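# Examining the three-dimensional arrangement
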Amino acid sequence: DVKVTQSSRYLVKRTGEKVFLECVQDMDHENMFWYRQDPGLGLRLIYFSYDVKMKEKGDIPEGYSVSREKKERFSLILESASTNQTSMYLCASILGGQSSYNEQFFGPGTRLTVL
Amino acid sequence: GDSVTQMEGPVTLSEEAFLTINCTYTATGYPSLFWYVQYPGEGLQLLLKATKADDKGSNKGFEATYRKETTSFHLEKGSVQVSDSAVYFCALSDDGGGQNFVFGPGTRLSVLP
């Protein structure tokens, strides 16, 4: 059974703290993604990675950074958390290659609250 | 660029009612189309997909047909259950790496007993 796991389901942090969200997939997928989900705005892509140590900005990268040191692990970092980063964060992975048939697999999400 | 439009929610139905959630898309190529479902407090799960025109995806009683002529991929179920209450996302992909994976805004469905 394929799996994408995220380190925390719920997280509460204070403004200014450095926050790490971890995502691990066991499917040997090349590509991994971080989204945030907010009511009325759907899913918005923050960053994605198509290989180890490679990263690309998505639609809303400001205030975030990422790290991919190993193929199975993709971390999202909030250098200095702010209240407007309170959100649901979803990690996803997909098999690489040219076929558009492949679907994204999602983790359970991390609900982050910044006080 | 590519985009996905879904009907506005929330949608509220009684158990055993017929469900339709409309989805239309714009894309420059020949995308694959997907429906994802998100149950309360969880991530997104793939519900069904179709990879070419006239394909029908189906799963758990849900169906959707890839209509190229109307650029649509409407989700249907003949008889909904309370357990179908969730948010449904229509999505498309026109490349293999997922970098151009576009999601609709989601439609919240509530099914009342």
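Because the structure is a prediction, the values reported are computed rather than measured. (Residues numbered from 1 in each chain as written. Chains lettered and ligands numbered in written order. Predicted model: local features only at pLDDT ≥ 70, side-chain atom pairs only at ≥ 80, totals over all residues. Heavy atoms only, no water.)

Okay, the sheet that holds strand β3 (residues 19-21) of chain B next. All names here are of chain B. Taken together, the four strands give an open sheet; going across it, the order is β3-β9-β8-β7, and neighbouring strands pair in antiparallel fashion. Looking along the sheet, the strands with just one partner apiece sit at the ends: β3 and β7 (56-59). The average angle at which neighbouring strand axes cross in this sheet is 15°, direction not considered. Bridge count between β7 and strand β8 (residues 62-65): four bridges; the pairing is antiparallel. Bridge assignment links asparagine 59 to a residue of β8, and that residue is phenylalanine 62. (Pairing = 2+ DSSP bridges. Helix = DSSP H or I, 4+ residues; strand = E, 2+ residues; numbered from the N terminus. Axes fitted to C-alpha atoms, helices over the stretch in contact; angles between N-to-C directions.)

What follows concerns the nonpolar core. Residue and element names in this part refer to chain B. In this structure, Trp35, Leu47, Leu48, Phe73, Leu75 and Tyr88 are the most contacted members of the largest nonpolar core, which totals 27 residues. Elements that contribute at least two residues to this core include exactly β2 (11-14), β3, β4 (23-26), β5 (32-38), β6 (44-50), β8, β10 (86-93) and β12 (107-112). Residue contributions to this core peak at four residues, all from β10. (Core = buried A, V, L, I, M, F, W, Y, C linked by side-chain atoms within 4.5 Å. Buried < 20%, exposed > 50% of the residue type's maximum accessible area, 1.4 Å probe, protein only.)

Attention now goes to the sheet that holds strand β7 (residues 65-70) of chain A. Residue and element names in this part refer to chain A. Spatial strand order, β1-β3-β8-β7: four strands in an open sheet with antiparallel pairing. Edge positions in the sheet fall to β1 (4-6) and β7, since each has one partner strand and no second. The mean inter-strand angle of the sheet, taken between neighbouring strand axes irrespective of direction, is 20°. Of the pairings in the sheet, the one linking strand β3 (residues 19-25) to strand β8 (residues 73-78) comprises six bridges and is antiparallel in character. Looking at β8, one finds that valine 19 is bridged to leucine 78.

This next bit is on unusual backbone geometry. Residue and element names in this part refer to chain B. The phi angle at aspartate 54 is positive, at roughly 75°, despite the residue not being glycine. When you line up the elements, aspartate 54 lands in the loop between β6 and β7. Phi angles above zero are rare outside glycine, and lysine 60 is one such case at about 55°. Along the chain, lysine 60 falls in the loop between β7 and β8.

Counting from both sides, the interface comprises 23 residues of chain B and, opposite them, 24 residues of chain A. Seen at the junction of chain B and chain A, the total is one salt bridge. A salt bridge links Glu103(A) to Lys49(B); the shortest N-O distance between them is 2.9 Å. The interface formed by chain B and chain A holds five residue pairs in polar contact (both at pLDDT 80 or more) in total. Mapped by element, the contributors of at least two residues to the side of chain B that touches chain A are β5, β6, β10 and β11 (101-103) of chain B. A total of four residues in the side of chain B that touches chain A trace back to one element, the largest contributor, which is β5(B). Across the side of chain B that touches chain A, the residue classes break down as nine nonpolar, 10 polar and four charged. (Contact = heavy atoms within 4.5 Å. Salt bridge = Lys/Arg side-chain N within 4 Å of Asp/Glu carboxyl O. Polar contact = N/O pair within 3.5 Å; in protein donor to acceptor, adjacent residues only side chain to side chain. Nonpolar A, V, L, I, M, F, W, Y, C, P; charged D, E, K, R; others polar.)

Moving on, we come to the state of the cysteines. For the coordinates displayed, the defined rule picks out two disulfides over all chains. Each sulfur of the disulfide joining Cys23(A) and Cys91(A) lies 1.9 Å from the other. Note on the Cys23(A) and Cys91(A) pair: the S-S dihedral is about -75°, so by sign convention the disulfide is left-handed. Taken together, the residues span a long stretch of sequence, with Cys23(A) in strand β3 and Cys91(A) in strand β9 (residues 87-94) at a distance of 68 residues. The pair formed by Cys23(A) and Cys91(A) is uniform in burial state, with each residue classed as buried. Each disulfide pairs two cysteine sulfurs, and for Cys23(B) the partner residue is Cys90(B), the sulfurs being separated by 1.9 Å. Torsion about the S-S bond of the Cys23(B) and Cys90(B) cystine: about -70°, corresponding to left-handed handedness. Pair noted here: Cys23(B) is in strand β4 and Cys90(B) is in strand β10, with a separation of 67 residues, a long-range link. We note that Cys23(B), like Cys90(B), is buried. (Disulfide = S-S within 2.5 Å.)

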